[in-house]
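So the chains spell out like this:
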Amino acid sequence: MKVNNICCIGAGYVGGPTMAVIAQKNPDIKVTVVDINEKRIDAWNSNNFDELPIYEPGLSDVVKKARGRNLFFSTDINSAIIDSEMIFISVNTPTKTSGEGKGFAADLKYIESCANQIAEVSKTDKIIVEKSTVPVRTSEKIKKILNSKNKSIDFQILSNPEFLAEGTAMRDLQIPDRVIIGGDNTKKGNEAIQSLVEIYSSWVPKKNILTTNLWSSELSKLTANAFLAQRISSINSLSELCEETGADIEEVSKAVGMDSRIGNSFLKTSVGFGGSCFQKDILNLVYISRSIGLEKVANYWEQILIINKHQRDRFANKIYSLINKESLNKNVCILGWAFKKDTNDTRESAAIYVANNLIKSNIYLNVYDPKVKESQIFFDMNYINGNDKKNKEHISIYNNPIDCIHKTNIIAILTEWDEFKDYDWKNLYKKMSKPAYIFDGRNILDKVKLESIGFNYIGLGR
Ligand code: NAD
Ligand code: UGA
């Protein structure tokens, strides 16, 4: 099928950037991104490109060029469905908070609602592309809904998981390591696969486009995230061992990563991984394994999350213990709230958990992040502990680091923003109460230089 019109349901961190790049690379295809969230769509349509709902380096340039030409953002979901030959489903698939699988399984209600709506309004044959991350065999459920509600139309389902990482989304989309397209091994299934291959071929070399069956494609996505998170928990668990043995995790990580069979990515120790997906996708993998009786497999993957929580907890405990031991000022400066640098996304950020642990111990926090807004920080805290009054009493937000560190003894670095490395640390040191400590939860600062200024530097695993 020749695709002239694409609809993408879900204008979030995946739908927005992914469709912007598809539109940029395929100027002859009209791409309409739709969402039920009117505010989000308004922000995508804003003339102030600094106000796009997502901060991602390079994104606003691409949107600037394509928006209004062949890229559109709208809340008119029905029209976009009717007009398109191909529909991407790019909605959220959070962990279930109630019912069967609560706390582990992926909640597919948003996916199911899209499938229902597509079935109800479609008038012509369509290719439906699962872009969201879903449990293996979800496409079967989508197919069932579509076919049971609308028997007159041929729906082909493809799985095309997204591997972009936030902060580097534009580069990941423009030069992907691979694109995976899973579909049915039937004549129509193969034709649908080829339609999507053609769209990606506008910029991705054919050798990097992998076609598979539906289930392999779905499971590859969960597995890729689990492998990445597993490396972080492995290195984080060793950071504690380094602290006890005198080894330096940075040296160990470098030595291990130089083995070409292991490779050096995702071996950076941290206060714990965050982001909307690693935890939810591993919980999902654990749930799938456990629900088919593979208890040992489930336990193996669950351990990644146990270590991640342990790393966040022990970081907060170290700060708390030091304050008590040395009778320090109970105000701590937190630099960084986003779950990683170059994004304003805070979902599952380690900062939220560390902050919650500290305020539970009655510690007051001054917070500064270059991209995260005050309202988001209070939203995150209220979501985790439901105690708005305590959060307001214990947390103050600053729009610059100098005011944020004022009169504190302790700085905790929780996001690896580049600007933290470039600070005039000598000047910041002068403004702090003494003794001054830096807890570097990302191991990004120069220990020797900071110690020569007078700081007590406490990194992870060193
Ligand atoms: P998001 O929450 O940023 O965006 C999802 C959007 O879908 C929201 O704006 C929401 O309003 C909209 N939506 C939900 N139901 C809808 C409906 N019925 N009709 C119209 N709009 C609807 O989520 P995201 O981060 O973009 O993630 C989407 C999916 O992609 C998830 O499955 C996630 O696991 C996966 N993923 C995310 C990333 C990432 O970096 N964030 C990377 C790869 C894959
Ligand atoms: C991750 C994957 O990298 C993407 O391939 C995937 O598409 C995406 O999840 C998803 O499915 O949502 P993302 O969460 O955006 O992307 O960012 P990452 O770069 O993977 O970082 C995740 C977390 O791990 C961050 O908190 C980061 O600081 C932390 N991290 C990363 C470490 O602690 N150490 C490392 O060595 C690397």
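Residues numbered from 1 in each chain as written. Chains lettered and ligands numbered in written order. Predicted model: local features only at pLDDT ≥ 70, side-chain atom pairs only at ≥ 80, totals over all residues. Heavy atoms only, no water.

Colleague: It is not clear to me how the environment of I36 should be interpreted in this structure. Could you clarify?
Modeller: Inspection of the secondary structure puts I36 in the loop between strand 2 (30-34) and helix 2 (38-44). Classification of I36 by relative accessible area gives exposed; the value is 76%. Through-space distance from the C-alpha of I36 to that of T75 is 5.9 Å; in sequence the pair is 39 residues apart. (Helix = DSSP H or I, 4+ residues; strand = E, 2+ residues; numbered from the N terminus. Buried < 20%, exposed > 50% of the residue type's maximum accessible area, 1.4 Å probe, protein only.)

Colleague: Teacher, can you tell me more about empty space enclosed by the protein here?
Modeller: Over the atoms a probe the size of a water molecule is rolled, and this reveals where empty space is left. Enumeration over the complete set of coordinates arrives at one cavity of 30 Å³ or more. Within this model, the largest cavity holds a volume of roughly 30 Å³. Residue lining of the largest cavity: E130, S132, T133, V134, S159, P161, E218 and K221, and that is the complete set. Tallied by class, the residues present in the lining of the largest cavity amount to two nonpolar, three polar and three charged. (1 Å grid on protein atoms, 1.4 Å probe; cavity = no way out; pocket = protein on both sides within 12 Å on 5 of 7 lines; lining within 4 Å. Points joined across faces, edges and corners; volume = space filled by probe spheres on them. Nonpolar A, V, L, I, M, F, W, Y, C, P; charged D, E, K, R; others polar.)

Colleague: Help me out: how do you make sense of the site of ligand 2 in this one?
Modeller: The local shell around ligand 2 holds 21 residues, among which F163, L164, S270, C277 and R442 are the closest. A distance of 2.8 Å is found between an oxygen atom of ligand 2 and a backbone nitrogen or oxygen belonging to F339. If you tally residues by element for the shell around ligand 2, the top one is helix 9 (residues 214-245), at four residues. Per-class residue counts for the shell around ligand 2 are eleven nonpolar, three polar and seven charged. (Near = heavy atom within 4 Å. Polar contact = N/O pair within 3.5 Å; in protein donor to acceptor, adjacent residues only side chain to side chain.)

Colleague: Even after reading the chapter, I still don't get a nonpolar patch on the surface, so can you show me in this structure?
Modeller: A cluster of nonpolar side chains, I292, L294 and V297, forms an exposed patch at the surface whose accessible area comes to about 260 Å². One can find I292 in the loop between helix 11 (278-291) and helix 12 (295-326). I292 sits in the exposed class, given a relative accessible area of 58%. (Patch = residues over 30% accessible without salt bridge, like charges linked within 9 Å, V, L, I, M, F, W, Y side chains within 5 Å. Areas by Shrake-Rupley, 256 points an atom, 1.4 Å probe, with all protein chains shown as cover. Salt bridge = Lys/Arg side-chain N within 4 Å of Asp/Glu carboxyl O.)

Colleague: Would you explain the pairing of strand 8 (residues 209-213) in this entry?
Modeller: Residues in a regular strand point their side chains to alternate faces of the sheet. Here strand 7 (residues 179-183) pairs with strand 8 via five bridges, running parallel. Considered in strand 8, the bridge of V179 is made with I209. (Pairing = 2+ DSSP bridges.)

Colleague: I'm lost on the packing of aromatic side chains in this one. Help?
Modeller: For any pair of aromatic rings, the description rests on two quantities: the centre-to-centre distance and the angle between the ring planes. Counted under the stated rule, the structure contains twelve aromatic pairs. Aromatic side chains F227 and W301 sit 6.0 Å apart centroid to centroid with 35° between the ring planes, which places their arrangement in the tilted category. Linking F227 in helix 9 with W301 in helix 12, this pair joins segments that are 74 residues apart in sequence. On the accessibility criterion, F227 (48% relative accessible area) is partly exposed. Exposure remark for W301: the relative accessible area of 12% places this residue in the buried category. On the basis of an interplanar angle of 50° and a centroid distance of 5.7 Å, the ring pair of Y423 and W425 is categorised as tilted. Take Y423: its relative accessible area is 13%, and that puts it in the buried class. Chaining the aromatic ring pairs together yields one cluster made of F420, Y423, W425, Y429 and F455. (Phe/Tyr/Trp six-rings, centres within 6.5 Å; stacked < 30°, edge-to-face > 60°.)

Colleague: Explain the layout of surface pockets here, please?
Modeller: Of the pockets and cavities examined, the second largest pocket occupies roughly 380 Å³. If you go around the second largest pocket, you meet 20 residues; those closest to its centre are L108, P135, V136, T138 and K141.

Colleague: For this particular structure, what's the right way to read the site of ligand 1?
Modeller: The environment of ligand 1 is made up of 27 residues, and the closest members are D35, R40, T93, E166 and K280. Measuring from an oxygen atom of ligand 1, one finds a side-chain N or O atom of D35 at 2.6 Å. Taking I36, its main chain carries an N or O atom lying 3.4 Å from a nitrogen atom of ligand 1. Element by element, the count of residues in the shell around ligand 1 is highest for helix 5 (residues 109-121), at three residues. Its residues assigned to classes, the shell around ligand 1 shows ten nonpolar, ten polar and seven charged.

Colleague: Please explain helix 11 as it appears in this structure.
Modeller: Residues separated by three or four positions in an α-helix point in the same direction, a consequence of the helix having 3.6 residues per turn. The end-to-end C-alpha separation of helix 11 is 20 Å, in line with the 20 Å expected for 14 residues at 1.5 Å each. Where burial is concerned, most of helix 11 is hidden: ten out of the 14 residues are buried. Looking at the buried positions of helix 11, the neighbouring elements they touch are helix 9 and helix 12. Phi turns positive one or two residues past the end of helix 11, at G293, with a value near 90°. (Expected span 1.5 Å × (residues − 1). Contact = heavy atoms within 4.5 Å.)

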